[in-house]
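What follows is each chain in one-letter form.
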Amino acid sequence: MLKRKIFAPLLTGVIAAGLLAGCGADKASEAGAGNTEKTKPSAQAVEQVVNIYSARSYDVDALLYKKFTEETGIKVNVIDGKAEELIERMKREGESTQADLFLTVDGGVLNNAKQAGLLQPATSETIDQNVPKELRDPENQWIGLSTRARVIVYSKDRVKPERLSTYEDLTSPAWKGKVLVRPSSSLYNQSLLSSFIELNGEEKAEEWSKGLVANLARTPEGNDRDQAKAIVAGVGDVALMNTYYVGLLINSDDPEEVKVGQSIGVFFPNQETTGTHVNISGAGVTKYSKNKDNAVKLIEFLTGTEAQTMVTNENYEFPVNAKAELPELLKSWGTFKTQQIDFNTLGVHNAKAIEIINKTGWK
Ligand code: FE
C-alpha cells in the first residue's frame, strides 16, 4: 500500500486510515504499512514523503533515493510499472492519485503525460541551473534526468569500425545476415524509428525498417545486452544498442558479461549527417501531487552534481548536468554529434512508427 505513514510516538485516538483516503492497495508497501497503530495526526507528526510512479528502474535509482532520504529525511516510495500503464493509472486515479512524481525513459512518453494533463510545472531555480533548457520541457512539466545514445556496437574481432558510417548503411547488402536488434516492441526502437520519420520522412523511415529487417541475423529476441552477447556468440556482427548497457556489461559482476562488454566496440553513427539518436529519461511533478515541495526537492537532488555523477558512474548514462564527473569509459568515447530534434516528436510519430514496424515485418 502506498501510504503516508504517520509518526505517532505517544499518540492514541484517531485511526491513521482517515488520512489515507484514496490510497489504493499496492504491493509497493513500506515498513509499517497495514499495521493498526492508532495515531493522532498533527502537522508536525506527518512523515515527509514523496511517492513515485516509475517506468525507470535501474540499480542506481534505488541508491539515489536512499541518499536523498538520508540527506533530507524525506521518505521515497516507488511504484514500478510500464509507462503506459502508469499513465493510464494516473488518468484513472485523477485527483486522488498518490503519485507525486512520474519517471520514465522516453521523451515522447514524457510529453504524452504532459499532453494528457497529468503533470504540472516544477518551478525551481536550482533545476533551471542544473539542467540545460533543451533537456527539459519549456514549462518544466518534465525535466531530464539523463540522456542515452542508441548506437551501433560491433564485434572488435570481425568488424573494422571504418566500415561503419550510418544507421542507413546497416540496410546495405554488406550487412546481410549480420545485424542484431531487440524486438520492435521496445520503445527504444520505436523512438529510433520516430526520429527517422522526423528527420527523413515516412517513406525513408519505412525503407530503413524494411532494409533492417532484410539484414537481420535472427528474429529479434532479448534485450539490448542480449544483442551484445549474440555478437560475441557469433550470431551477428553489429547491433543497435544503448551505450549505457556497454558500461553495465564491462562493469558487471559476471565475468562472462565483462568479456562481452570488452569484445564490442561503440560506434556513434551519422556523424557526417543527421547525428546519433539520443533519447532522454526524465521526471515530472504530477498535477495532483500532495507532496509537491518534496517532489521538486527530489528533482533538484537528482539533477544535482553529486547525483548526476552517480548516474553516469553507476549506470553509464550521459548526465544532464554538465558539472557531473564522467567515468573514464564515457570519456574514452569522446564527444559526438546528436540528432537535433525535439524530444516531443518521438511521441508524435509513435503511432506511425508502429504502423511502419508492422508493415515491414519487424518482429
Ligand atoms: Fe534501458
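Residues numbered from 1 in each chain as written. Predicted model: local features only at pLDDT ≥ 70, side-chain atom pairs only at ≥ 80, totals over all residues. Heavy atoms only, no water.

**Some thoughts on the coordination of the iron ion**
Test applied: Here a donor is any nitrogen, oxygen or sulfur atom (N, O, S) within 2.8 Å of the metal, with 3.2 Å used for Na, K and Ca; water is not among the atoms considered, so some sites may look incomplete. Each label reflects the angles at the metal, where four donors whose angles all fall between 85 and 135 degrees are tetrahedral, four or six donors whose opposite pairs open beyond 155 degrees and whose other angles stay between 65 and 115 are square planar or octahedral respectively, and the rest are irregular. By definition, any uninterrupted DSSP run of H or I lasting at least four residues is a helix, any uninterrupted run of E lasting at least two residues is a strand, and each is numbered from the N terminus. Throughout, exposure labels follow a simple rule: accessible area from a 1.4 Å probe, protein chains only, divided by the maximum for the residue type, with under 20% read as buried, over 50% as exposed, and the rest as partly exposed.
Every protein donor of the iron ion is listed here as Y58 (OH), Y188 (OH), Y244 (OH) and Y245 (OH), and their distances to the metal cover 2.0 to 2.1 Å. Here the iron ion binds 4 donor atoms, and the angle range of 86 to 139° at the metal identifies the geometry as irregular. The sequence pattern formed by the donor residues of the iron ion is Y-x129-Y-x55-Y-Y. Within this pair, whereas Y188 is found in helix α5 (residues 187–200), its partner Y244 is found in helix α8 (residues 243–250), the two being separated by 56 residues in sequence. Across the pair, Y244 and Y188 agree in class, each one buried.

**Brief notes about the environment of V109**
Test applied: Only heavy atoms enter the contact rule, under which two residues are in contact if any of them lie within 4.5 Å.
Take V109: it is sitting in helix α3 (residues 107–115). Among the residues examined, V109 registers a relative accessible area of 9% and is labelled buried. Sequence spacing of V109 and L187 is 78 residues, and the spatial spacing of their C-alpha atoms is 9.4 Å. For V109, the contacting residues outside a window of four places in its chain are A83, I87, F102, T104 and L187.

**Notes on the UniProt feature "binding site: Fe cation" (unreviewed entry) in the protein chain**
Our working definition: UniProt positions are given in the numbering used here, feature names are shortened, and annotations may be inferred rather than shown by experiment. In protein, a polar contact requires one atom able to donate a hydrogen and another able to accept it; more generally it is a pair of N or O atoms within 3.5 Å, and residues adjacent in sequence count only if both atoms are side-chain atoms.
Under the local residue numbering, the UniProt record ascribes the feature "binding site: Fe cation" (unreviewed entry) to Y244 and Y245. Leave out the neighbours within four places in its chain, and Y244 touches Y58, R148, Y188, N315, Y316 and E317. Among the polar contacts listed, one links the side chain of Y244 to the side chain of Y188, at a separation of 2.8 Å. The residue Y245 is located in helix α8 in this model. We classify Y245 as buried; its relative accessible area is 9%. Once you skip the residues sitting within four places of it in the chain, Y245 turns out to touch Y58, Y188, D224 and R225.

**As for the packing of aromatic side chains**
To be explicit about the condition: Whether two aromatic rings pair depends on their centres lying within 6.5 Å, for rings of Phe, Tyr and Trp, where Trp uses its six-membered ring; planes under 30 degrees apart make the pair stacked, over 60 edge-to-face, and the rest tilted.
Overall, the coordinates contain 10 aromatic pairs when judged by the stated rule. Where F196 meets W208, the ring centres are 4.8 Å apart and the plane angle is 75°; that geometry is what we call edge-to-face. Here F196, found in helix α5, pairs with W208, found in helix α6 (residues 202–215); they are 12 residues apart in sequence, far enough to count as distant. The exposure class assigned to F196 is buried, which follows from its relative accessible area of 3%. The buried category is assigned to W208, whose relative accessible area is 4%. Ring centres of F268 and W333 lie 6.3 Å apart, and the angle between their planes is 70°; this geometry places the pair in the edge-to-face category.

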